[in-house]
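# Fold and contact review
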Amino acid sequence: YYVKRKNSPENEWLTSSAYTGSVTLTRLDTIAKVVSGTFQFNALNIYNTPQPLSVTEGRFDLKLQ
C-alpha cells in the first residue's frame, strides 16, 4: 500500500492478487532486537487512470520493542 498526498491523497496504489510483492528477512538479531530485510512489490493506482507502480530494491531496518 502506497499513498502520494499533499493535504489529501492524490494517488493511491494497492496490491492485489494480480499485483503482488514480497518481503525477505535478512537479519533477525534477538539480542540487539533488530530485524532487517528487503522488499519489492507491484501495485495499481486506484484513484486516477490505472497506473502500475513497481517498487524494487526496498530495504528496512527496524528496532524491536
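Computed from a prediction, not measured in an experiment: that's the story for all the values here.

## Considerations on the overall build of the chain
- Summing up its helical and strand segments, the chain has 0 helices and 5 strands in all.
- Start at the N end of the chain and walk to the C end: the helices and strands fall as β-β-β-β-β.
- Sorting the 65 residues of the chain into buried and exposed places 18% on the buried side.
- Counted over contacts in the chain with a minimum sequence separation of 6, partners at least 24 positions apart contribute 42%.
- Put simply, the chain shows about 5,000 Å² of open surface, and 53% of that area lies on carbon and sulfur atoms.

## Describing unusual backbone geometry
- If you check the backbone angles, Lys33 has positive phi at about 55 degrees while not being a glycine.
- With respect to the helices and strands, Lys33 occurs in the loop between strand E3 (21–29) and strand E4 (34–45).
- We classify Lys33 as partly exposed; its relative accessible area is 40%.
- Its identity as a non-glycine residue notwithstanding, Glu57 has a phi of 60 degrees, on the positive side.
- With respect to the element layout, Glu57 can be found in strand E5 (residues 52–63).
- Overall, Glu57 belongs to the exposed group, its relative accessible area being 77%.

## Focus on the pairing of E5
- With 10 bridges joining them, E4 and E5 adopt antiparallel strand pairing. In the strand pairing of E5, Ser36 is matched with Asp61.
- Between E4 and E5, which follow one another and run antiparallel, lie 6 residues.

## Observations concerning the confidence of the model for the chain
- The predicted model of the chain has a mean per-residue pLDDT of 87, with 85% of residues at 70 or higher.
- Here strand E1 (residues 2–5) is the element of the chain with the lowest mean pLDDT, 62, and E3 is the one with the highest, 96.

## Notes on the environment of Tyr19
- Checked against the element boundaries, Tyr19 lands in the loop between strand E2 (9–14) and E3.
- Taking the relative accessible area as the measure of exposure, Tyr19 reaches 26% and is therefore partly exposed.
- Separated by 35 residues in the primary sequence, Tyr19 and Ser54 have C-alpha atoms spaced 9.3 Å apart.
- Discounting residues that sit within four places of it in the chain, Tyr19 has contacts with Leu14, Asn42, Ala43, Leu44 and Pro52.

Reading the values: the criteria
- For every chain, the first residue of the written sequence is number 1, and numbering continues from 1 along that sequence.
- Where local features are concerned, this predicted model is filtered to residues with pLDDT of at least 70; where side-chain atom pairs are given and counted, the filter is 80 or more; whole-chain, interface and lining totals use all residues.
- Just so you know, side-chain values use all the structure's heavy atoms and leave hydrogens and water out.
- Comment: elements are numbered from the N terminus, with helices defined as DSSP H or I runs of at least four residues and strands as E runs of at least two.
- The buried label applies to any residue whose accessible area, calculated with a 1.4 Å probe on protein chains only, is under 20% of its type's maximum; exposed applies above 50%, and partly exposed to all values in between.
- For this analysis, residues touch if any pair of their heavy atoms sits within 4.5 Å.
- Using the Shrake-Rupley algorithm and a 1.4 Å probe, accessible areas are obtained, with residue cover drawn only from the displayed protein chains.
- Here, strands pair whenever DSSP counts at least two bridges between them.
- The quantity known as pLDDT measures the predictor's confidence residue by residue, on a range of 0 to 100.

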